[in-house]
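# Structural description and commentary
Here's the letter readout for the chains.
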Amino acid sequence: MKVLQLGKFYPVKGGVEKVMYDLTKGLGKRGIHCDMLCVSLTGKYFEESVTSFSRIIAVKHFGKVASTYLSFHLIFWMRKNVNKYDIVHIHHPDPMASIALRLSNFKGSIILHWHSDIIKQKVLLKFYKPFQDYLLNKSKYIVGTTMIYLEQSMHVNNFLDKAIAIPIGIDINEYIVNWDKVTELKKIYSGKKIVFSLGRFIYYKGFEYLIGAAPYLDEDVVIIIGGDGSLFEECYRIKETLPNKEKIILTGYIETEEIASYFAACDIYAVSSVEKSEAFGITLIEAMMFGKPIISTDIKGSGITWVNENGITGLIVEPKNSSALAAAIKSIFQNKKLYDSMSLHARERFFNFFDIDKMITKTIEIYNN
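A brief look at the structure comes next. (Residues numbered from 1 in each chain as written. Predicted model: local features only at pLDDT ≥ 70, side-chain atom pairs only at ≥ 80, totals over all residues. Heavy atoms only, no water.)

### A look at the pattern of salt bridges
Test applied: The working definition used for a salt bridge is a side-chain nitrogen of Lys or Arg within 4 Å of a carboxyl oxygen of Asp or Glu. Each helix is a run of DSSP H or I of at least 4 residues and each strand a run of E of at least 2, with the numbering of both proceeding from the N terminus. For the exposure calls, accessible area comes from a 1.4 Å probe over protein chains only, and a residue counts as buried if that area is under 20% of its type's maximum, exposed if over 50%, partly exposed in between.
For the coordinates displayed, the defined rule picks out 16 salt bridges. Between K181 and E184 there is a salt bridge, and its shortest N-O distance comes to 3.6 Å. Here E184 and K181 lie together in helix α6 (residues 179-188), a separation of three residues that amounts to about one turn. By relative accessible area, E184 is classed as partly exposed at 39%. Here K245 ties to E240 by a salt bridge, and the two come within 3.1 Å at their closest N and O atoms. On the basis of relative accessible area, K245 is assigned to the partly exposed category, the value being 33%.

Here's what the structure looks like:
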């Protein structure tokens, strides 16, 4: 069996690309020939081995429109090579990949991995919909990260007979804590309880509401938000207008090798997202792996309401509500028994649902079918 993971770009920057890469690596480790085809963010074509059975193939692009990298090279590569594979596992949403697959004359089986609906680019969706409908009709399976998201997607709910949920899994061995960094963070914020959040500063993350929670919190609490993005400067300006701005730390981009240390150092992990584009939230399960209670928002139709069990692994609050975020944070910090219980159940839930071996095994099962 030969499989092609088809989707966004490399190097990995977000959740979709991480799932593609982890599947490519995990399947290769199981002895399955699996390649990952995507656009190269370096601008140059390259191939890179992942395991002895898997590799990354990254092609050139000529620009970006509405969050989509445009690439004739992707189309040419697919038309020339795609029928060497038995299965194409395409990761949606990525209009360029979908167009390339539609034009490739692929004869094998298609697995459609539905990470998210297209939410923001409504005009683009009108032009892209015929390609999206082709994938929905032609795919053997439609994989979602949660059944909640699939059932409440207006595009997928007519295809639930072939829909299956495979929660995202991550590899605990990749998260190596630098305890010197943890000690440094604890020293910098000595005597403070740390609320951490991580992600790109983009429209659906709602970081402005987490920043706005600071005035409602006690003086012994700091909020650290890691990441960069198009809305970073705007969020920084919001922070600067607050009277207690020293309680909010915007770190900018955190190097990959330091992320585990931030999770280890924090006390609570918060997700303040406001749109269904936040379909799952990989950072939630990263925090759960470290036994951190979760604060997340109640986004209708999003899988994050399933990932974080309200009252068990954390608390769920209404979106776009800074005072609600603060109240949830305070209620966990003020109740040690509740904190310890949520910490324990968060780690248990990680190993029950979100370990990478479970994701790989379930994926192989649908390939075999």
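### Overview of helix α10 (residues 282-289)
Counting along an α-helix, one turn takes 3.6 residues, and residues three or four places apart therefore face a common direction. Buried residues dominate α10, accounting for eight of its eight residues. Among the residues of α10, I282, T283, L284, I285, E286, A287, M288 and M289 are the ones counted as buried. In the stretch just after α10, G291 is the one whose phi turns positive, near 70 degrees.

### Here's the deal with the nonpolar core
Soluble globular proteins tend to pack their nonpolar side chains together in the buried interior. The criterion, for reference: Throughout this description, the term nonpolar core refers to a set of buried Ala, Val, Leu, Ile, Met, Phe, Trp, Tyr and Cys residues connected via side-chain atoms within 4.5 Å. Working rule for contacts: check all heavy atoms of both residues, and any pair within 4.5 Å makes them a contact.
Ranked by internal contacts, the top residues of the largest apolar core, which has 53 residues, are L27, F196, Y269, I285 and M288. If near-sequence neighbours (up to four positions away) are discounted, Y269 is found in contact with F196, S197, L198, F263, T283, L284, A287, K292, P293, I294 and I295. Among the nonpolar cores identified, the runner-up in size contains 33 residues, and L6, Y85, Y149 and F159 belong to it.

### As for the sheet that holds strand β8 (residues 109-114)
What counts, and what does not: One requirement defines pairing of two strands: DSSP has to find at least two bridges between them. For helices, the fitted line uses only the C-alpha atoms of the stretch in contact; every axis is such a line through C-alpha atoms, and the angle between N-to-C directions lies from 0 to 180 degrees.
Spatial ordering of the open sheet is given by β3-β4-β2-β1-β7-β8-β9-β10, a layout of eight strands whose pairing is mixed. Lying at the two open borders of the sheet, with one neighbouring strand each, are β3 (46-51) and β10 (163-165). Strand-to-strand twist across the sheet, computed as the mean angle between neighbouring axes with direction ignored, equals 25 degrees. Both strand β1 (residues 2-10) and strand β2 (residues 33-40) contribute to a ladder of seven bridges, which runs parallel. Residue pairing for β2: Q5 is matched across the bridge by M36. Packing against the sheet, helix α1 (residues 15-29) makes contact with β1, β2, β3, β4 (54-59), β7 (87-92) and β8, and its axis sits at approximately 150 degrees to β1.

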